[in-house]
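Examining the three-dimensional arrangement
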Amino acid sequence: MSNETIQYFKGLYTLSAPDAPALKTFSGKSMDDFSKWGLPGPKHEEWKYARVASLFRNDLKFSVEVPSVSESDIDPFRLPGNGTATELVFVNGLYSQALSVIRHPATDIHALSMEDAARAEYGDFIAQNLGHSASYHPDGIHALNGAFAGKGLFLRVKKGRILEHPIYIYHVTDSRHGFPFAQPRSLVHVEDGAQVQVAEQYINIGGQDSFTNEVIEIVAGLDSVVDYYKIQHEGPLANHVGTTHIRQAGKCLTNSVTITLSGGMVRNNLNMIMESEHGESHMYGLYLLAGKTLADNHTIVDNVKPHCFSNELYKGIMDDESTGVFNGKIFVRKDAQKTNAYQSNKNILLGEKASANTKPQLEIFADDVKCSHGCTVGRLDEEALFYLRARGIGEQNARALLLHAFALDVLANIKHEGLRTYVDALISERLGFNI
Amino acid sequence: MLKITDLHAGIEEKKILKGINLEIKAGEVHAIMGPNGSGKSTLASVLAGRESFEVTGGSVAFQGKDLLEMSPEDRAREGMFLAFQYPVEIPGVSTTNFIKTAVNETRKYRGQEPLDAVAFLKLMKERMKLVQIDQSLLSRSLNEGFSGGEKKRNEIFQMAMLEPKLAILDETDSGLDIDALRIVANGVNQLRSKDNAFLVVTHYQRLLEYIVPDFVHVLYNGRIVKSGTKELALELEEKGYDFIKNELLVTEQA
């Protein structure tokens, strides 16, 4: 990590340093942390596979000015039901009010830039909650995002509102005029009793190299229901480090589905922080990889309070020379008695040079808990394949049917029907199902 | 329809089939009986194209074409059907979706238009009656959690949907109680015609009371050692397989 890189970001930080007190302290500290830590190298245990530092090329361009992207550039990537959904747009990591379309009434949601929110009535909330869970990731890449948090999004889902239509967040990286480095930041407050589905979609316009370093924090209130979806299919030149923090501030139900279909190096951190008794969470992931893609899913379930339930299922299919990594941490703190935490990771290797690395990591300090974990790595079931072929189903379709069936346990947890169909079509296309 | 000539096959170094000769004509039902380990299931698997077996000699012509050159899917599309001894459970694939894919891929191979949803459902309803299989079973994942009888009925249902020229039933009677056996046999009998043929592989004579064969062959040590009519099955039932072994011993000594 060169001093030059640090100076480069410092310079940009000085240009864009937020003035609102709620942001100033946090951003400043994040910048200091970044300067201190630098980017995580391969010796960092948590970054053994996701080689962030080596991918951080010199010609990556980070800007605090929104480039010119038109609505029609985004059109091909809009998610289903976009006529009724709210669409919030980031371009090269910067929240763009101009491109965003808020279709929910003001009684349901409030979406605005982080800077505006900090200056308005959300200053206190931001001061107390932005970066609340940063301690899970004491590394430079997470800190670097924080330094520019002011350019991000603040979203509030109002108390007791049950949103029928989803909120879509589109992350556009425009690689038509250089290799963008994008750092989107979002803070989402789902207030007590509210219910919402949030889906993040990643879009690379231009098809050149890009690097996204995202952090999204969701604070879920008492009796809220949050469904969070992350859909990654940006193409092989898009590198991605994304961290999703979901904090159960009150007893609630939070679900997450992470789908990774392409990318260069993709690192997804997901933290479920069970801070309230009787909370429930479900975490699903599917990584369907080809070429030389590396997808590294690091998840943490932190059981801080007793009587929480969490269930986690991540599945991977690796073709060609791709690599799937799963690291699942479950922490059960001393006071978190009666915790139920389950974890499972299943992998199918298709390519001779494909690999899967799976590591469950349970740290349990309470004595009355139920925790389980399991992982498998295998090949496609030859007997099942023969059964399908013996009925006249061609080899390619038979493989596709079996792999689709394998993916279904994860896919079925996307509750929004349009979105599920959309993702299903992407998967079927990738598997080459043809009839 | 099917002509097997001096077929040799095995798995890795082990020789299992040591020169099978058999001809099956349209309209005929042949039964292959034999003690455990005689090669009955190997023969069924080799005909269907299971890749773990290696054919080391001989030839198989199916409707005049070289069967051994074909992929498993092409054998099926040409009209070969194997009812599995142990049908595979496939979570996440519904029987309906699976059979629809199979029917339409077969139709495509034959240059026919795919069945639309209405025509497919109509055909399915009609064929479900043959084996008294319930719609709810077909909506579930293929064979997952099915009882032994349900799995075998599902095999015969698939056969009814695919309308094969030659159906090989590999120990379809194993694990079936008498009621399930009757249902399965009844389904098979309704599908019998002058244009198709059946090869029934079984250890017991019991199934042959319901599916009455035109010819019975005894497979022993990788060869067909005796052929006859349905009376041969009764004789085997009565005397056991030892009588064949003893007979062979006498012949070899003589």
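What counts and how
Residue positions are given per chain, counting from 1 as you read along its sequence in written order. To label them, take the chains in the order written and letter them from A, then take the ligands in the order written and number them from 1. The predicted origin of the model limits local features to residues at a pLDDT of at least 70 and limits the giving and counting of side-chain atom pairs to 80 or more, whereas totals for whole chains, interfaces and linings rest on all residues. To get the side-chain values, all heavy atoms of the structure are used, and hydrogens and water are removed first. Each helix is a run of H or I in the DSSP string that is no shorter than four residues. Each strand is a run of E no shorter than two, and both are numbered from the N terminus. Our radius of gyration looks at C-alpha atoms and nothing else; its globule reference is 2.2 Å times the residue count to the power 0.38. To sort residues, take the accessible area from a 1.4 Å probe on protein chains only and compare it with the maximum for the residue type: under 20% means buried, over 50% means exposed, and anything in between is partly exposed. Strand pairing follows a simple DSSP-based rule, namely that at least 2 bridges must link the two strands. Where each domain begins and ends is defined by an automated method or by a domain database. Whether two residues are in contact is decided by their heavy atoms, any of which lying within 4.5 Å being enough. Summed over both partners, the accessible area (1.4 Å probe) lost when two parts come together is defined as the buried area. The working definition used for a salt bridge is a side-chain nitrogen of Lys or Arg within 4 Å of a carboxyl oxygen of Asp or Glu. Whenever two N or O atoms come within 3.5 Å, that pair is a polar contact, provided that in protein one can donate a hydrogen and the other can accept it, and provided that, for residues adjacent in sequence, both atoms are side-chain atoms. To get an axis, fit a line to the C-alpha atoms, keeping to the stretch in contact for a helix; angles then go from 0 to 180 degrees between the N-to-C directions. In this analysis, the protein atoms alone were mapped onto a 1 Å grid. Cavities are point sets where a 1.4 Å probe fits without being able to get out; pockets are open sets with protein on both sides within 12 Å along at least five of seven lines; lining residues have an atom within 4 Å of a point. Grid points are joined across faces, edges and corners, and a volume is the space filled by probe spheres set on the points. When residues are sorted by character, Ala, Val, Leu, Ile, Met, Phe, Trp, Tyr, Cys and Pro go into the nonpolar class, Asp, Glu, Lys and Arg into the charged class, and all the rest, Gly among them, into the polar class. Between rings of Phe, Tyr and Trp, where Trp is taken as its six-membered ring, a pair exists when centres lie within 6.5 Å; planes separated by under 30 degrees are stacked, by over 60 edge-to-face, and by other angles tilted. A ring is considered to have a charge above it if a Lys NZ or an Arg CZ atom is located within 6 Å of its centre and within 35 degrees of its normal.

What chain A contains, in helices and strands, is ten helices and 21 strands. Computed over the C-alpha atoms, the radius of gyration of chain A is 21 Å, within 12% of the 22 Å expected from 2.2 N^0.38 for a compact globule of 435 residues. Once the C-alpha set of chain A is aligned to its principal axes, its extents read approximately 70 × 55 × 45 Å. Looking at the 435 residues of chain A, the share that counts as buried comes to 61%.

What follows concerns the pairing of strand E14 (residues 265-274) of chain A. Residues and elements named next belong to chain A. Most of E14 is tucked away: ten of the ten residues are buried. Of the two faces of E14, the one lined by Met265, Arg267, Asn269, Asn271 and Ile273 and the one lined by Val266, Asn268, Leu270, Met272 and Met274 are each fully buried. Bridge count for strand E12 (residues 238-248) against E14 is eight bridges, and the pairing is parallel. Looking across to E14, one finds that Thr244 is bridged to Leu270. Pairing of E14 with strand E16 (residues 294-303) involves ten bridges; the strand directions are parallel. Its bridge partner lying in E16, Met272 is registered against Val301.

All right, on to the domain arrangement of chain A then. Residues and elements named next belong to chain A. Here chain A is partitioned into domain 1 (3-276) and domain 2 (382-435). Between domain 1 and domain 2, the C-alpha centre-to-centre distance is 31 Å. Contact with domain 1, which involves 17 residues of that partner, is made by twelve residues of domain 2. Of the roughly 1200 Å² buried between domain 1 and domain 2 on both sides combined, carbon and sulfur atoms contribute 71%.

Taken together, the contacts link 20 residues of chain A with 31 residues of chain B. Buried surface at the junction of chain A and chain B, both sides included, amounts to about 2200 Å², of which 63% is carbon and sulfur. Residues A:Glu383 and B:Arg50 are paired through a salt bridge, measuring 2.4 Å at the closest nitrogen-oxygen approach. Applying the counting criterion to the chain A and chain B interface returns 13 residue pairs in polar contact (both at pLDDT 80 or more). Elements with a minimum of two residues in the side of chain A that touches chain B: helix H8 (382-389) and helix H9 (395-411) of chain A.

Residues and elements named next belong to chain B. Pairing in this open sheet of four strands is antiparallel, and the strands run E2-E1-E4-E5 from one edge to the other. Edge positions in the open sheet fall to strand E2 (14-24) and strand E5 (65-66), since each of these has one partner strand only. Looking at chain direction, strand E1 (residues 2-11) and E2 are connected through eight bridges and run antiparallel. Bridge pairing links Ile4 to Leu22 in E2. Taken strand by strand, helix H1 (residues 40-48) contacts E1, E2 and strand E4 (54-62), and its axis lies near 110° from that of E1.

Residues and elements named next belong to chain A. Taken as a whole, this structure holds five cavities of 30 Å³ or more when the rule is applied. Taken together, Lys230, Thr244, Thr258, Asn268, Asn269, Leu270, Asn297, His298, Thr299 and Tyr314 make up the lining of the largest cavity. Of all elements in the fold, only E14 and E16 reach the threshold of two or more residues within the lining of the largest cavity. Considering only residue class, the lining of the largest cavity consists of two nonpolar, seven polar and one charged.

A few words now on the environment of A:Ala405. Looking at where A:Ala405 falls in the secondary structure, it is placed in helix H9. Ignoring sequence-local partners within four residues, the contact set of A:Ala405 consists of B:Pro91, B:Gly92 and B:Val93.

This part covers the pairing of strand E17 (residues 309-318) of chain A. Residue and element names in this part refer to chain A. Extensive coverage of E17 is indicated by the burial of eight of its ten residues. Strand direction decides the pairing type here: strand E15 (residues 280-289) and E17, joined by ten bridges, are parallel. Paired with Leu289 across the strands is Met318, a residue of E17.

Residue and element names in this part refer to chain A. Here Glu46 lies in the loop between helix H2 (21-37) and helix H3 (52-55). For the pair Glu46 and Val196, spaced 150 residues apart in the sequence, the C-alpha separation amounts to 32 Å. Setting aside its immediate chain neighbours within four residues, Glu46 contacts Arg267, His298 and Lys329. Polar side-chain contacts of Glu46 include one of 3.3 Å to the side chain of His298.

Bringing the side chain of A:Gln201 into the picture now. Residue and element names in this part refer to chain A. Here Gln201 lies in strand E9 (residues 195-205). At 2.8 Å, the side chain of Gln201 and the backbone oxygen of Phe77 are in polar contact. A polar atom in the side chain of Gln201 sits 3.0 Å from the side chain of Tyr422. If we skip the residues at most four places from it in the chain, Gln201 touches Phe77, Leu79, Ile169, Tyr170, His171, Ile231, His233 and Tyr422.

Most of H8(A) is tucked away: six of the eight residues are buried. One side-chain oxygen of the residue at the start of H8(A) lies 3.0 Å from the amide nitrogen of A:Glu383, identifying that residue as A:Asp381.

Turning our attention to the packing of aromatic side chains. In this description, a pair of aromatic rings is defined by centroid distance and the angle of the planes. Summed over all chains, the structure comprises 21 aromatic pairs over all chains. Judged by centre distance (5.7 Å) and plane angle (85°), the rings of A:Phe9 and A:Phe34 are edge-to-face. Note that A:Phe9 is positioned in helix H1 (residues 3-16) and A:Phe34 in helix H2, a separation of 25 residues in sequence. The same class applies to A:Phe9 as to A:Phe34, namely buried. With 5.8 Å between their ring centres and 65° between their planes, A:Phe90 and A:Tyr95 make a pair best called edge-to-face. Taken together, the aromatic side chains of A:Tyr8, A:Phe9, A:Tyr13, A:Phe34, A:Phe56, A:Phe62, A:Phe148, A:Phe181 and A:Phe211 make up a single cluster linked through ring pairs. Above the face of the A:Phe406 ring, A:Lys315 is positioned so that its terminal group lies 4.3 Å from the ring centre. One cation-aromatic arrangement involves B:Lys100 over B:Phe120; the distance from NZ or CZ to the ring centre is 5.8 Å.

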